[in-house]
Amino acid sequence: MVKAYTQEHIYKHPWERVTSASWRKFADPENKRTLSHILEVDTLNHKLDPLSGKLYTTRALTVHAPGPWFVRKIIGQDICHCVESTVVDAQSKSMQLTTRNVSLKKYIEVEEKIRYEPHPDNPTGWTVCRQETSIRIKPLSALASMAEKVELRCAEKFMQNSVKGREVMERICKYLEAESRGISL
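Residues numbered from 1 in each chain as written. Predicted model: local features only at pLDDT ≥ 70, side-chain atom pairs only at ≥ 80, totals over all residues. Heavy atoms only, no water.

Per an unreviewed UniProt entry, the protein chain goes by the name PRELI/MSF1 domain-containing protein and belongs to Citrus sinensis.

What follows is the structure, given as structure tokens:
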């Protein structure tokens, strides 16, 4: 069974500010309280393609393992390692992040895709964020009947964390807006 959901959010900030906030959301110490499920973020590589002008970045994320405590107890791990691949096309104003878990794959597979683009109704002032997440719990013989409940709980946790991520992005966007106007917060 796979649990999938999509969300859309409109930031009332220009694309450049929102994508800048996306790069900063894990670095700001104030955000660590809000994004407490993110334990560590490391940039593995980045490359600017001189022909296309696209920026390609790969980061490693260490997060608290999703799901109920008893599942973490059974699998013997409470952290999960993920890889985030990002493509930024400044020319077309598109930023796409794809995150997948690389650990715990025999128990759970998670893929999250986030895309930032200028909003069609206000392309210079607003940014639309589309997020697609799929969660697949691989049934364990002892937990086969619980797989759907675990997927649902994981999806709820991901949705809660998405709200936290949007709060952080909004806070950073407002800071960047004030900074661009020479106002200190």
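(A) Up close: the layout of surface pockets. Computed from the structure, the largest pocket encloses a volume of approximately 730 Å³. His37, Ile38, Glu112, Phe158 and Asn161 are, among the 38 residues lining the largest pocket, the residues nearest its centre. Elements represented by at least two residues in the lining of the largest pocket include exactly strand S1 (2-11), strand S3 (54-64), strand S4 (79-89), strand S5 (94-101), strand S6 (108-119), strand S7 (122-137) and helix H4 (147-180). Of the residues forming the lining of the largest pocket, the biggest block, seven residues, is contributed by H4. Taken together, the residues of the lining of the largest pocket sort by class into 18 nonpolar, 11 polar and nine charged. (1 Å grid on protein atoms, 1.4 Å probe; cavity = no way out; pocket = protein on both sides within 12 Å on 5 of 7 lines; lining within 4 Å. Points joined across faces, edges and corners; volume = space filled by probe spheres on them. Helix = DSSP H or I, 4+ residues; strand = E, 2+ residues; numbered from the N terminus. Nonpolar A, V, L, I, M, F, W, Y, C, P; charged D, E, K, R; others polar.)

(B) Structural context of the environment of Val128. Within the fold, Val128 resides in strand S7. On the basis of relative accessibility, which here comes to 2%, the residue Val128 falls in the buried class. For the pair Val128 and Val18, spaced 110 residues apart in sequence, the C-alpha separation works out to 9.5 Å. Those residues in contact with Val128 that lie beyond four places of it in its chain are Glu8, His9, Ile10, Arg115, Tyr116, Glu117, Pro118 and His119. (Buried < 20%, exposed > 50% of the residue type's maximum accessible area, 1.4 Å probe, protein only. Contact = heavy atoms within 4.5 Å.)

(C) Representation of the pattern of salt bridges. Enumeration over the complete set of coordinates arrives at eight salt bridges. The salt bridge involving Glu8 is made with Arg130; its shortest N-O contact spans 3.1 Å. On the criterion of sequence distance, the pair formed by Glu8 in strand S1 and Arg130 in strand S7 is long-range, its members being 122 residues apart. A residue is classified by how much of its surface remains accessible, and Glu8, at 52% relative accessible area, is exposed. In this structure Arg130 comes out as partly exposed when scored by relative accessible area, which is 35%. Across the pair Arg115 and Glu117 runs a salt bridge whose closest N-O atoms are separated by 3.0 Å. (Salt bridge = Lys/Arg side-chain N within 4 Å of Asp/Glu carboxyl O.)

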